[in-house]
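The chain contents come next:
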Amino acid sequence: MSSFQFPVRVYWEDTDAGGIVFYANYLKFFERARTEWLRAAGVEQHQLREDTGIIFVVAGTSLRYLAPARLDDMLTITVDPLPAGRASLVVRQRAVRGDTLLCEGEIRIGCVRADDLKPQRLPDSVVAAITA
């Protein structure tokens, strides 16, 4: 799947006392974009849990902050999947405003059983959907 893009508007609740986006909120923006990326690929997470008993969990993050976003900015959040492993996948994500890169990082997503959080192999249908 080619790069997925998701628009995000910066609201008051996203900013800190200095009027810029609080650093942890980029993780929320990235989460929303990943959810919509999966949905666009035909992977509904609640249905995946009901059908297979598996869920996705964030296993690791690595972010770089390059420039601030501010109230009312319109951002584009991108999702670019990297080759998937057996029980996890890594996505490269970016937050941009126009041509300005604000934040970038890699997020490792683990696939686990919902009942005991033990690692579980990514379903072939999910791998096929996100690599199409």
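Counting starts from 1 at the beginning of each chain's written sequence and moves along it residue by residue. Side-chain atom pairs in this predicted model are given and counted only at pLDDT of 80 or more, local residue features only at pLDDT of at least 70, and totals for whole chains, interfaces and linings cover all residues. Side-chain calculation: all heavy atoms of the structure are included, whereas hydrogens and water are not.

**Thoughts on the sheet that holds strand β1 (residues 4-9)**
Our working rule: Any two strands are treated as partners once DSSP identifies two or more bridges connecting them. Secondary structure elements are defined from DSSP: runs of H or I of at least 4 residues count as helices, runs of E of at least 2 residues count as strands, and each element is numbered from the N terminus. All axes are obtained by fitting lines to C-alpha atoms, using only the stretch in contact for helices, and the reported angles, taken between N-to-C directions, cover 0 to 180 degrees.
Pairing within the open sheet is antiparallel, and its five strands lie in the order β1-β3-β4-β5-β2. With one partner strand each, in any of the chains shown, β1 and β2 (54-65) form the two edges of the open sheet. Across the sheet, the axes of successive neighbouring strands diverge by a mean angle of 25 degrees, strand direction being ignored. Inspection of the sheet shows β2 paired to strand β5 (residues 100-113) by 11 bridges, in the antiparallel sense. Paired with Ile55 across the strands is Val112, a residue of β5.

**A word on the nonpolar core**
Where we set the bar: Nonpolar cores were defined as sets of buried Ala, Val, Leu, Ile, Met, Phe, Trp, Tyr and Cys residues, with membership established by side-chain atoms within 4.5 Å. Working definition: with a 1.4 Å probe on protein chains only, accessible area under 20% of the residue-type maximum means buried, over 50% means exposed, and in between means partly exposed. Any two residues whose heavy atoms approach within 4.5 Å at even a single point are treated as in contact.
Counting residues in hydrophobic clusters, the biggest one holds 31 residues, and the most contacted among them are Tyr26, Trp37, Phe56 and Ile77. Counting only elements with at least two residues in this core, the list comes to β1, α1 (25-40), β2, β3 (74-81), β4 (88-97), β5 and α3 (124-131). Broken down by element, the residue count for this core peaks at six residues, all from α1. In this structure Ile77 touches Phe4, Gln5, Phe6, Val8, Phe29, Phe30, Ala33, Gln93, Arg94 and Ala95, once residues within four positions along its chain are discounted.

**Focus: α3**
Rule in force here: The reported arc concerns the directions from the helix axis to the C-beta atoms and nothing else.
Here α3 has its buried residues at Val126, Ala129 and Ile130. What you see down the axis of α3 is that its buried residues fit within an arc of 90 degrees, all on one side. In α3, the exposed positions that point more than 90 degrees away from the buried face belong to Asp124 and Thr131. Where α3 is buried, its residues contact α1, α2 (45-52), β2, β3 and β4.

**A word on the packing of aromatic side chains**
The relation between two aromatic rings is expressed through the spacing of the ring centres and the mutual angle of the planes. Our working rule: In this scheme Phe, Tyr and Trp rings, the latter by its six-membered ring, pair at centre separations within 6.5 Å, and the angle between planes marks the pair as stacked below 30 degrees, edge-to-face above 60, and tilted otherwise.
The tally for this structure, following the rule as stated, stands at four aromatic pairs. Look at Tyr26 and Phe29: their rings are 5.9 Å apart centre to centre, the planes differ by 80 degrees, and that puts the pair in the edge-to-face class. Taken together, the residues Tyr26 and Phe29, both in helix α1 and three residues apart, mark about one turn of the helix. The exposure class assigned to Tyr26 is buried, which follows from its relative accessible area of 3%.

**Some remarks on the side chain of Asp14**
Note the threshold: Charged-residue counts in this description rest on Lys and Arg as positive and Asp and Glu as negative, His and the chain ends being excluded. Think of a salt bridge as a Lys or Arg side-chain nitrogen and an Asp or Glu carboxyl oxygen that are within 4 Å of each other.
Here Asp14 is to be found in the loop between β1 and α1. Buried within the structure, Asp14 lacks any salt-bridge partner; its nearest side chain of opposite charge belongs to Arg32, at an N-O separation of 4.7 Å. Non-local contacts of Asp14, meaning those with residues more than four positions away in its chain, are made with Arg9, Ile20, Val21, Phe22, Asn25 and Phe29.

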